[in-house]
Amino acid sequence: MDAVVRVVAMYAFLLLVFRISGKRTMSEATTFDLLLLLVISETTQQALVGDDRSMTHAFLLILTFVAVDVGLSLLKQRSRTLDRLLDSTPLLIVERGRPLKERMDRERVDVEDVMESARRSPGLARIEQVAYAVLERSGKITVVPTERAGLEGPEQGR
Amino acid sequence: MASSGESGQRPGDGPPPGVQVDQDMRFQRREWAVQRIGWVAGVLVLAASLAGALGHGPLSHAEAEGLDGALHVKYERIVRSNRPVDLTFSLAAGTGNETVLWLSREMMERMSVEAVRPEPVRWWATPARTGLVFAHAPDTAPGDRLAVALRVEVQTVGGLGGEVGVEGRDGGVRVWMLALP
C-alpha cells in the first residue's frame, strides 16, 4: 500500500510542479535541461524506493505509475476540462508575422525561440515569413509559413 | 475573432482564422494567474524550509525542561519519517550509582532508537515506560548533569506526542513532534 501511495503522491506533485512552472519548462533539450531532468529523476527515485530495494517493490512502483498515467489519459479523453487542466491549451504567439509580446512574455518565449523553430522547420529566414507560430501544449513551438514564403505548408518545429 | 464585448474576452482572444488551434484565452489567463500564485507559494515553501518549518532549522528546534529541573531535553519539533534525528538530554544525577531516563510508551511505539550515547548499562520496560539505565562515573555527585543523546527514527507520519523523564523525580517533560512523510 505504501508504494501505491508514494507513487500517486509523487505523480501528483510532479504534475503540479511542472504545470505551475509553465509550458516551456524543460521543453528544450539543452544540456542543462537534461542534467536537471536526471537530477530530478534521481531525487524522485530515492523518495519512491526508500529502504525497499526488492523487485516486488519495483514492480509495484512501475505498475502504479503506468496505471495512474493510463487512468488519467482515459479520464482526459472523457473530460475536456480535465484535459485542459492537466495538459493546458495551445497558444498562438505570432500572428501574420507579428509577435504577440504579452503572451510571449508570460510564457517566457522570445522571438529568437520562434525563429529557431522557424529556421529548423519549415526553414524560414525572417519573422515576416511566419503566418502563425503556436506554443503547443508540449511546450514546443510550431510554425506555419505564409503562402508567400514559397513553402508547401505547416511543418512541425522542435 | 470573438467580440470584445464578451465577458473576459479581449480582441484577438478567439480562435485565429486560417489555422486550427484549440486556443482558449480565458482559460489561458486563468492558468497564468494560477501559475503566478504557484510561484509565490513555491517561494514561500522554500523560505519556510530555510527557516526550518520542514525540519532541520530554527523553527524546528525545541527545548523543554521539567518543573524540578532534573531533565532538560533538546529535540526537533518537525522531523521526517524514517530519517534519523537526535534527542539530547541533560539529566540531574540521582543519589545512587545510576540514573534512569524513561520514555513513555506512546513515544516508543512510534519510533525506533537507533543509537544511544553513552551506552546504557541496561534497559527495562513496563507497560507504560521504557527505561535506559546509565551508570555514574565514580566522581559523580548528586545533582551533576549527565549528557545523553538518543538517535531515533520516527516510523510513522503525523503528530507524535509523549513524555520523557528521570526515574524517581516528579513528572515528566512533554515532547511533541510532527513527522513529515
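Just above, that's the structure.
Because the structure is a prediction, the values reported are computed rather than measured. (Residues numbered from 1 in each chain as written. Chains lettered and ligands numbered in written order. Predicted model: local features only at pLDDT ≥ 70, side-chain atom pairs only at ≥ 80, totals over all residues.)

## Concerning the overall build of chain B
Here is step 1 of the chain: Check the secondary structure of chain B and you find 2 helices and 11 strands.
Here is step 2 of the chain: Against the 2.2 N^0.38 benchmark of 16 Å for 181 residues, chain B shows a C-alpha radius of gyration of 28 Å, more extended than a compact globule.
Here is step 3 of the chain: For chain B, with 181 residues in total, the buried portion stands at 22%.
Here is step 4 of the chain: Taking the intrachain contacts of chain B between residues at least 6 apart in sequence as the baseline, contacts between residues at least 24 apart amount to 59%. (Helix = DSSP H or I, 4+ residues; strand = E, 2+ residues; numbered from the N terminus. Rg over C-alpha atoms; globule rule 2.2 N^0.38 Å. Buried ≥ 20, exposed ≤ 12 C-beta atoms within 10 Å, placed from the backbone. Contact = placed C-beta atoms within 7 Å.)

## As for the sheet that holds strand β10 (residues 158-166) of chain B
Residues and elements named next belong to chain B.
Here is step 1 of the chain: One open sheet holds the 6 strands; their spatial order is β3-β11-β10-β5-β8-β7, and the pairing between them is mixed. At either margin of the open sheet sits one strand with a lone partner, and together these are β3 (78-80) and β7 (122-125). Mean inter-strand twist for the sheet, computed between neighbouring axes without regard to direction, equals 30°. (Pairing = 2+ DSSP bridges. Axes fitted to C-alpha atoms, helices over the stretch in contact; angles between N-to-C directions.)

## Considerations on the sheet that holds strand β1 (residues 91-95) of chain A
Residue and element names in this part refer to chain A.
Here is step 1 of the chain: Reading across from one edge, β2-β1-β3-β4 is the order of the 4 strands in this open sheet, with antiparallel pairing throughout. What marks the edges here is a single partner per strand, and that holds for β2 (98-99) and β4 (141-145).
Here is step 2 of the chain: Note that strand β3 (residues 130-135) and β4 share 5 bridges and pair antiparallel. Looking across to β4, one finds that V130 is bridged to P145.
Here is step 3 of the chain: The strands touched by helix α6 (residues 111-120) are β1, β2, β3 and β4; relative to β4, the strand with the most contacts, the crossing angle is about 65°.

## Describing the packing of helix α3 (residues 55-78) of chain A against helix α4 (residues 80-87) of chain A
All names here are of chain A.
Here is step 1 of the chain: Running from N to C, α3 and α4 cross one another at 125°; their axes reach a closest spacing of 5 Å. On the basis of their axis angle, the class for α3 and α4 is oblique. Here the hand of the crossing between α3 and α4 comes out left-handed. Packed against α3, whose contacting residues are L72, L75 and K76, the element α4 presents L82, D83 and L86 at the interface.
Here is step 2 of the chain: Class assignment for the residues of the contact of α3 with α4 results in 4 nonpolar, no polar and 2 charged. (Parallel < 35°, antiparallel > 145°, perpendicular 65-115°, else oblique. Left-handed = near helix turned anticlockwise from the far one by under 90°. Nonpolar A, V, L, I, M, F, W, Y, C, P; charged D, E, K, R; others polar.)

## Brief notes about unusual backbone geometry
Here is step 1 of the chain: In the segment running from A:S121 into A:P122, the intervening peptide bond is cis, with an omega of 15°.
Here is step 2 of the chain: Examined against the element boundaries, A:P122 turns out to sit in the loop between α6 and β3.
Here is step 3 of the chain: In this chain, B:R117 is followed by B:P118 through a cis amide linkage whose omega measures -10°.
Here is step 4 of the chain: If you trace the backbone, B:P118 turns up in the loop between β6 (111-117) and β7.
Here is step 5 of the chain: The phi torsion at A:R108 lies on the positive side, around 55°, for a residue other than glycine.
Here is step 6 of the chain: Positionally, A:R108 belongs in the loop between α5 (101-106) and α6.
Here is step 7 of the chain: Overall, the presence of 12 C-beta atoms within 10 Å leaves A:R108 in the exposed class.
Here is step 8 of the chain: One non-glycine residue, B:H56, lies in the positive phi region at around 55°.
Here is step 9 of the chain: Along the chain, B:H56 falls in the loop between α1 (25-51) and β1 (61-65).

## Some words on the environment of B:P181
Residues and elements named next belong to chain B.
Here is step 1 of the chain: Along the chain, P181 falls in the segment after β11 (173-180).
Here is step 2 of the chain: On the neighbour-count criterion, P181 (12 C-beta atoms within 10 Å) is exposed.
Here is step 3 of the chain: For the pair formed by P181 and L50, sequence separation is 131 residues and the distance between their alpha carbons is 18 Å.
Here is step 4 of the chain: When near neighbours in sequence (up to four residues on either side) are disregarded, P181 contacts S81 and V157.

Shape descriptors only; they carry no functional weight alone.
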